[in-house]
Every structure is written in C-alpha cells, then in structure tokens.
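So the chains spell out like this:
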Amino acid sequence: MTEFLAEHLDPTTLAVVLREYLLRAVMVVLILVRKGSRPSVASGWMVLVLALPVLGTVLYFSLGETRFGRRRIRRHREVLARIDRPAFHEFGDPAVRTPRLGQVERELSTLAESVSHGVVCGGNRIELTHETDDTIASMIAAIDGAAHHCHLLFYIWLDDGTGRRMAEAMLRAAARGVECRVLVDAVGSKGFLRSATCRRLRDGGVRVVAALPVNLLRMVFSRIDLRNHRKILVVDGVIGFTGSQNIADAAFAPKARFAPWVDCMVRIEGPAVRELQMIFVVDWCLDAPHDGGDMDLDAILSIEPPAHPDGVPAQVLATGPNYQVDAITQLVQGLVQSAHRELVLTTPYFVPDQATLTNFTVTARRGIDVRLVVPARNDSRLVGLASRSLFGPLLDAGVSIEEYHGGLLHAKTVVVDETIGVVMSANLDLRSYELNFECGVLVYDADFARRLRGLQRHYQSKSTPVPADRWRTRPFRVRLAQGVASVLSPLL
C-alpha cells in the first residue's frame, strides 16, 4: 500500500496522507482503550474519527472524555470529607431512620444509596405541582416565609417575568436579614448572570455564583460542557423543592416556538430536605469563593427537619461526573426491572444506552405494560432523530410510545406499579447519565405514585400513540436521517 502511494503521489501529498492514516490509527487505539467498555460510544467516536480525522480528534479531546479537572476533583473530595458525614445522614427518630418498606422498595433504596449516597428517610410530606405559575408561586411563598436562609440552585434562570418575580422575593428576604445564596449554571444562565436583575440581587445582599464557569483555560484541563442541571430550592433547611422546573416562564423565550414548557416539581417538608441541603452545600462549596466559608456548615447541616406522623418515605439522590458515572443508568434499570404490572415514563430527551434500551424491551416482553411519553416536537432536531431511531425495537417488543402535543413535555417522571414515584431533573439520555449534575427524589408511597400517575395520564390525554405499522413504512429519507443520528447518538 505504501509503495503504491509513493508511486502515485508527490512527497508532500504522501506525507499528508500518511499523517492522516497515522492519526486515525492512534485515535482508534486510544478510543478502544478509553471507551472499550462501552461499545456503542466507542463505535460512534471511531466512525467520526475515521471519516473526519482532524475534526474528529479535536472534538474527541474537547468533548469525548469526562474530564472534571484534577483541581476540582481534589476540592470535591475535600468538600465531601467535610460534609458527607454519617452524622448528617442520621436522625433521632427511629421511624425516620428505618421507614417501613416492602421488598422491592428496600432493594431500590439500597441501590440508590449505593450509587448516590442519599439515604431513605420517613416522615415526609410531599406535594406535586405541575403548572409553572403554581410552582413559582409556591416557591415564592416559601421564600417570603424564610427566617434564616434561602438556597437556590438552578440550571436556567431567565431574566423574564418569572425570573424577576423570583428575584424580588429573594431581595425581600435579604432585606429581612435572611441569608440568600443563588447558584446557577454558568452556561444555562449566561444571560441572567449579565443582566440588570442579577446586579440588583448582588447589590441587595444576595450572593449569586456561577456554577462550572467556562473559559479558555478550563478547556485545557476539563470539559466545558459538564453542566449543573439541578433544580433545587431549600428554605430554612425545612422546606425543599426539586424537579424539572427552571426559573423561567412556561413560554420560555429562547425557544418560544416549542412552548409551553411543561414541567413538574415536588415540594418537600420533612427529613429528606436535609439531603437536598447537602447537595446544595456541596455544589456551593465547589464554586463559591473561599470554599463556601461564608456559611456555618455544621449549623446549616445540623438542622433536622421535623418528621410528620403522616409522612411518607422518600430518598433524594444526586448524580454527576464526580459521583459514580453510571448512577442514573443503574437507577433507571433498577426501576424498569422492578415493575410487575405497569411502568410509565415521561422525558423530553430519550437517547439511553443500549443496556437501558434492552431492559425496556425485556420488561415489555415479560408482559409488563410499558409506556413512554415524549414530546411530538423536540427542540433539538438531532436528539429528536436519535430518539426516534430507537422506537423500532421498543414498538416491536410491545412498548407503547406516545407523543405529546401540548408543548414541550419537559417533566422527567417515572411511576412503577402505582407504588413508587420518581421526579427528577435527569433526562433519559447519555448527557444526563454521564455529563450533567442531576438531582431527583424517589417517593415510596402508593398515594403519591397514584397522583403522579394521574399527572402522566393528563399528559397522555394530549398525546397520540405511535403506530407500529406506520413506523415500519416511514419514508427512506427519514429512516436514513434517523440511522445517521443513531450512529452519532453516543456522542450526544
């Protein structure tokens, strides 16, 4: 081969060709060594590198490896050593420490604790909200009742009507002497961080910090697309919120043509709030100046929210690239495998790994009623194509796929047998699995699960099923586009 090239190419061109072949060979070996345990991801990167060696190499070193940064990894370990201590996970009430759970619930709670350190605790009152205005009003009411501190952690804070109402509530709290801390993702909330509203918050005594800031120097040592995708509000250590709602109008101005954004959140009172508090404090200490030295960590984390006699068991979990990398994958697969009658999931982005996809098909073939509800129109065309490329094996296995037409369904929910309900910030895609910092809550209570299932039925009432026969006869150009997106899906 080399002799043939030497005879037909001039020395300069030959050198370029050989360098490209060498680059391809080196990159394939590197990808196999680094990504060989995940064949679909390795295959996607190898296809890109072999087709476009220079661009593929640049993209791989920019986006292909989960580089959290050595300094940040060290800081995270130091913060966890100070914060993630057994004493902060323990409660005086035995009913809180050891809530009554069935066999399936015990197995799931053990799995969740092993991958994210969050413990299950009883005595929680949990409300479900799903209208943006109602959710924001509930959060503002909690802030207006704050006496000691308000901690907000959100991926997106827009400088719109909702964002300004939330800012006014924080300013009122700060004026009362309440300690107010806001942590927002540096990319998701870029516009807000440069806004007059943000300046007013800082001038009014609210500490506002950008999570995971992006700059050229950080690109050298860590990935710039590792994002804090969590949505958390903790008030006085006794009231907490989490779910999929960002600080933004349902109209969501940056992508208004897909609106309204359809979300859901949970409002928690009880021991699980301290687990949410720990997540916020860890993230704050990682990104705030002086290692979070502005707060008394022992005082903040020693707050033991009162347990309610009529409360329910719940478990808060945190995942991210600084935790066990496949935490969400394991949790989702555990939920899928635990279903005995019905499994219903809603998600805006559905690009799971092959193991999770196989679990869905196996569960459906076991005779379980498996339903997946996704938006009919996705704000990311590539993700939408990649998602639909996976519909075939699911439909063949008997999974019911329904497309929501009432806006962009952004709620990330799971209900198992109407006995376990999950509300989280994580999508069912590889980005949430491996790159984003996520948060969620598992509620081991049939009444809550039925309420969440009722919300899912509301979504289903505005959805249309994807017929398997129509799917098999879709146009060639559509199948080709979806096939290309499927190959690239591990890179998304």
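Structure shown above.
All figures in this text were calculated on a predicted structure; none of them were measured in a lab. (Residues numbered from 1 in each chain as written. Predicted model: local features only at pLDDT ≥ 70, side-chain atom pairs only at ≥ 80, totals over all residues. Heavy atoms only, no water.)

## Some words on the layout of surface pockets
Then step 1. In this structure, the largest pocket spans a volume of roughly 610 Å³.
Then step 2. Around the largest pocket sit 25 residues that line it, and Tyr155, Lys255, Tyr349, Asp379 and Arg431 are the ones nearest its centre.
Then step 3. Its residues assigned to classes, the lining of the largest pocket shows 12 nonpolar, 8 polar and 5 charged. (1 Å grid on protein atoms, 1.4 Å probe; cavity = no way out; pocket = protein on both sides within 12 Å on 5 of 7 lines; lining within 4 Å. Points joined across faces, edges and corners; volume = space filled by probe spheres on them. Nonpolar A, V, L, I, M, F, W, Y, C, P; charged D, E, K, R; others polar.)

## Section: the packing of aromatic side chains
Then step 1. For the coordinates displayed, the defined rule picks out 5 aromatic pairs.
Then step 2. Taking the centre distance of 4.6 Å and the plane angle of 15 degrees together, the rings of Trp157 and Phe192 count as stacked. Placement of Trp157 in the loop between β2 (149-154) and α10 (161-175) and of Phe192 in helix α11 (residues 190-193) is noted, with a sequence separation of 35 residues between them. By the burial criterion, Trp157 is buried, and Phe192 matches it.
Then step 3. Measuring from ring centre to ring centre gives 5.9 Å for Tyr404 and Tyr459, while their planes differ by 85 degrees; the resulting arrangement is edge-to-face. Of this pair, Tyr404 sits in strand β13 (residues 400-404) while Tyr459 sits in helix α21 (residues 446-461), placing them 55 residues apart in sequence. For the pair Tyr404 and Tyr459, one class covers both residues: buried. (Phe/Tyr/Trp six-rings, centres within 6.5 Å; stacked < 30°, edge-to-face > 60°. Helix = DSSP H or I, 4+ residues; strand = E, 2+ residues; numbered from the N terminus. Buried < 20%, exposed > 50% of the residue type's maximum accessible area, 1.4 Å probe, protein only.)

## Some remarks on the state of the cysteines
Then step 1. Here the structure, examined in full by the defined rule, presents 0 disulfides.
Then step 2. Cys150 carries a free sulfur, and the closest cysteine sulfur to it, the one in Cys180, is 4.7 Å from it.
Then step 3. Looking at Cys150, the relative accessible area reads 0%, which means it is buried. (Disulfide = S-S within 2.5 Å.)

## Some thoughts on helix α18 (residues 381-388)
Then step 1. By the criterion of burial, α18 is predominantly enclosed, with 6 of the 8 residues buried.
Then step 2. Of all the residues in α18, the buried ones are Val383, Gly384, Leu385, Ala386, Ser387 and Arg388.
Then step 3. N-cap assignment for α18: the residue whose side-chain oxygen lies 3.3 Å from the backbone N of Val383 is Ser380. (Polar contact = N/O pair within 3.5 Å; in protein donor to acceptor, adjacent residues only side chain to side chain.)

## Some words on the pattern of salt bridges
Then step 1. Counted under the stated rule, the structure contains 15 salt bridges.
Then step 2. With its nearest N and O atoms 2.5 Å apart, the salt bridge here joins Asp283 to Arg230. Here Asp283, found in helix α14 (residues 272-287), pairs with Arg230, found in the loop between α13 (216-221) and β5 (231-235); they are 53 residues apart in sequence, far enough to count as distant.
Then step 3. Accessibility expressed as a relative area gives 3% for Asp283, which makes it buried.
Then step 4. For Arg457, the salt bridge is made with Glu418, and the minimal N-O distance between the two is 2.8 Å. Of this pair, Arg457 sits in helix α21 while Glu418 is found in the loop between β15 (412-416) and β16 (420-424), placing the two residues 39 residues apart along the sequence.
Then step 5. The network of salt bridges with common partners includes Asp369, Arg371 and Glu402. (Salt bridge = Lys/Arg side-chain N within 4 Å of Asp/Glu carboxyl O.)

## As for the packing of α10 against helix α12 (residues 196-203)
Then step 1. At a minimum axis distance of 10 Å, the contact between α10 and α12 shows a crossing angle of 10 degrees. One way to sum up the angle between α10 and α12 is to call them roughly parallel. Of the residues in α12, those in contact with Arg164, Ala167, Glu168, Met170 and Leu171 of α10 are Thr197, Arg200 and Leu201.
Then step 2. Tallied by class, the residues present in the contact of α10 with α12 amount to 4 nonpolar, 1 polar and 3 charged. (Axes fitted to C-alpha atoms, helices over the stretch in contact; angles between N-to-C directions. Parallel < 35°, antiparallel > 145°, perpendicular 65-115°, else oblique. Contact = heavy atoms within 4.5 Å.)

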